[in-house]
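Notes for the structure review
Listed below, chain by chain, are the residues.
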Amino acid sequence: MKNNRNSSSFEGSSRRRGTNLPIIPIALVVLVVLLLVFLWSRGGEQPQQPVEKIIPAEQLGK
């Protein structure tokens, strides 16, 4: 009896696993993109408060 190498019982399981593996990295990339979009939509950076102090004219001449 000949062994048929083309119809191995391991081929079907390896094909199924091969299609499931790319889903995980794709899902991670999609989640990161959605997180960035969510954070960007919340307003991003807030404008800074002015640092300069108002000095009255009387103190400028001293």
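Everything numeric in this text was worked out from a predicted model, so none of it was measured. (Residues numbered from 1 in each chain as written. Predicted model: local features only at pLDDT ≥ 70, side-chain atom pairs only at ≥ 80, totals over all residues. Heavy atoms only, no water.)

**Details of the overall build of the chain**
Tallying secondary structure elements over the chain gives 3 helices and 0 strands in all. Helices and strands appear in the chain in the N-to-C order α-α-α. Within the span of the chain, comprising 62 residues, buried residues form 0% of the whole. Accessible surface, the chain as shown: approximately 6900 Å² in total, 63% of it carbon and sulfur. (Helix = DSSP H or I, 4+ residues; strand = E, 2+ residues; numbered from the N terminus. Buried < 20%, exposed > 50% of the residue type's maximum accessible area, 1.4 Å probe, protein only. Areas by Shrake-Rupley, 256 points an atom, 1.4 Å probe, with all protein chains shown as cover.)

**Remarks on helix α2 (residues 23-41)**
Taking 1.5 Å of rise per residue, the 19 residues of α2 would be expected to cover 27 Å, and the 27 Å separating its terminal C-alpha atoms lies within 8% of that figure. Phi for G43, located one or two positions after α2, is positive at around 125°. (Expected span 1.5 Å × (residues − 1).)

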